[in-house]
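One-letter residues, chain by chain:
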Amino acid sequence: WKQLFGHRNTLPLCLMYFPNSFGFYFCINWLPDYLKEQHGFDSMQLGFFSGLPLILSVTADLLGGVSTDFMARRFGLRVGRVSVGAGSYLVAGLAMLLATTTHQPMLAAWCIATAVAASMFTLGASWGTVIDIGGSHAAVVGAAMNTSGQLGSVISPLLVVWLQKHYDWNAPLLCIGGLFLMGAVVWLF
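Residues numbered from 1 in each chain as written. Predicted model: local features only at pLDDT ≥ 70, side-chain atom pairs only at ≥ 80, totals over all residues. Heavy atoms only, no water.

Peer 1: Tell me about the overall build of the protein, and name the residues and values.
Peer 2: Across its full length, the protein carries nine helices and zero strands. Listing every helix and strand of the protein by position from the N terminus yields α-α-α-α-α-α-α-α-α. For 189 residues, the compact-globule formula gives about 16 Å, and the C-alpha radius of gyration of the protein, at 17 Å, lands near that figure. Its C-alpha atoms give the protein principal-axis dimensions of roughly 50 × 35 × 25 Å. Expressed as a percentage of its 189 residues, the buried residues of the protein come to 49%. In the protein, the share of contacts with a sequence separation of at least 24, taken over all contacts with a separation of at least 6, comes to 78%. For the protein, the exposed area adds up to about 9,400 Å²; of that, 69% sits on carbon and sulfur atoms. Averaging the positions of the 8 positive and the 7 negative side-chain charges in the protein gives two centres separated by 16 Å. (Helix = DSSP H or I, 4+ residues; strand = E, 2+ residues; numbered from the N terminus. Rg over C-alpha atoms; globule rule 2.2 N^0.38 Å. Buried < 20%, exposed > 50% of the residue type's maximum accessible area, 1.4 Å probe, protein only. Contact = heavy atoms within 4.5 Å. Areas by Shrake-Rupley, 256 points an atom, 1.4 Å probe, with all protein chains shown as cover. Lys, Arg positive; Asp, Glu negative; His and termini not counted. Charge placed at Lys NZ, Arg CZ, Asp CG, Glu CD.)

Printed below as a string of structure tokens:
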């Protein structure tokens, strides 16, 4: 444990993973309510656009892994992991923030789906970094990172409800966008 928490990359790795689960749990818990209440989507639209982030995430997760491997082979581990992780979170943050500025319901839904998919694009770089840092102790490093992500999963539904109740539906999206941007910055460390 001393080695784990004494390693200079453990805390940034854990902080970086928090936004991923926070944003994902917004989608599986609150996205249909957001789309219906904020944008008036009907049941057919809700079915498609509630699932869109998850559908795009499957492809993004796979392509993120291929991308980080390619970048790592070409430019080294640090650039290969950081460029994919930080770049993806930057796109995720900007897309989520853009969703709060548009009055076009379809565009807002596509922005949210893009944001979540971009955050899932980081998974290959995230878990690759776990192996890079942990070596023969990758399971412990992975457990630490995943635990911090699950904290985001637990906090997300609670904070989303509070933000929506005290402000409006844009407040949770602004929070998620800000967390994604924070994750992009943390990747640099």
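There's plenty left to go through after this.
Peer 1: Let's hear about helix 2 (residues 10-29): which residues, and what values?
Peer 2: Spacing of three or four residues puts side chains on the same side of an α-helix, whose turn is 3.6 residues. The end-to-end C-alpha separation of helix 2 is 29 Å, in line with the 28 Å expected for 20 residues at 1.5 Å each. Most of helix 2 sits inside the fold, with 14 of its 20 residues counted as buried. (Expected span 1.5 Å × (residues − 1).)

Peer 1: Could you give an account of helix 4 (residues 43-75), with specific residues and numbers?
Peer 2: The end-to-end C-alpha separation of helix 4 is 47 Å, in line with the 48 Å expected for 33 residues at 1.5 Å each. Along helix 4, the helix axis deviates most sharply at Leu52, where the bend reaches about 40 degrees; the proline Pro53 sits within four residues downstream. Contacts made by the buried residues of helix 4 are with helix 2, helix 3 (31-39), helix 5 (77-99), helix 6 (105-120) and helix 7 (123-134). Between a side-chain oxygen at the N-terminus of helix 4 and the backbone nitrogen of Met44 the separation is 3.1 Å; the capping residue is Asp42. Just beyond helix 4, the residue with positive phi is Gly76, at close to 100 degrees. (Bend = angle between axes of the 7 residues up to and from the residue. Polar contact = N/O pair within 3.5 Å; in protein donor to acceptor, adjacent residues only side chain to side chain.)

Peer 1: Could you give an account of the side chain of Thr102, naming the residues involved and the relevant values?
Peer 2: With respect to the helices, strands and loops of the structure, Thr102 is situated in the loop between helix 5 and helix 6. Residue class for Thr102 comes out buried when judged on its relative accessible area of 11%. Side-chain polar atoms of Thr102 contact the backbone nitrogen of Gln104, separated by 3.0 Å. Non-local contacts of Thr102, meaning those with residues more than four positions away in its chain, are made with His39, Leu107 and Ala108.

Peer 1: Help me get a handle on the packing of aromatic side chains, residues and values and all.
Peer 2: According to the stated counting rule, one finds ten aromatic pairs in the structure shown. Arranged with centres 5.4 Å apart and planes meeting at 70 degrees, the rings of Phe41 and Phe49 form a pair that is edge-to-face. Owing to a relative accessible area of 5%, Phe41 belongs among the buried residues under this scheme. Owing to a relative accessible area of 6%, Phe49 belongs among the buried residues under this scheme. For the pair Tyr89 and Phe180, a centre-to-centre distance of 5.8 Å together with 20 degrees between the ring planes defines the contact as stacked. Separated by 91 residues along the polypeptide, Tyr89 in helix 5 and Phe180 in helix 9 (residues 170-187) bring together distant segments of the chain. Each member of the pair, Tyr89 as well as Phe180, carries the same accessibility label: buried. The rings of Phe41, Phe48, Phe49 and Trp110 are connected pair by pair, giving a single aromatic cluster. (Phe/Tyr/Trp six-rings, centres within 6.5 Å; stacked < 30°, edge-to-face > 60°.)

Peer 1: Please provide a residue-by-residue account of a nonpolar patch on the surface, values included.
Peer 2: A cluster of nonpolar side chains, contributed by Leu151, Val154, Ile155 and Leu158, occupies part of the molecular surface with about 390 Å² of accessible area. Tracing the backbone through its elements, the reader meets Val154 in helix 8 (residues 138-166). (Patch = residues over 30% accessible without salt bridge, like charges linked within 9 Å, V, L, I, M, F, W, Y side chains within 5 Å. Salt bridge = Lys/Arg side-chain N within 4 Å of Asp/Glu carboxyl O.)

Peer 1: How would you explain the packing of helix 7 against helix 8 if you had to name every residue and give the values?
Peer 2: Viewed as axis vectors pointing N to C, helix 7 and helix 8 meet at an angle of 135 degrees, and their least axial separation amounts to 8 Å. Between helix 7 and helix 8, the angle falls in the class oblique. As for how helix 7 packs across helix 8, the hand of that crossing is right-handed. On helix 8, the residues touching Ser126, Trp127, Val130, Ile131, Ile133 and Gly134 of helix 7 are Ala138, Val141, Gly142, Met145 and Asn146. Classifying every residue of the contact of helix 7 with helix 8 by side-chain character gives seven nonpolar, four polar and no charged. (Axes fitted to C-alpha atoms, helices over the stretch in contact; angles between N-to-C directions. Parallel < 35°, antiparallel > 145°, perpendicular 65-115°, else oblique. Left-handed = near helix turned anticlockwise from the far one by under 90°. Nonpolar A, V, L, I, M, F, W, Y, C, P; charged D, E, K, R; others polar.)

Note that every value here comes from positions in space, so none of it alone points to a role or purpose.
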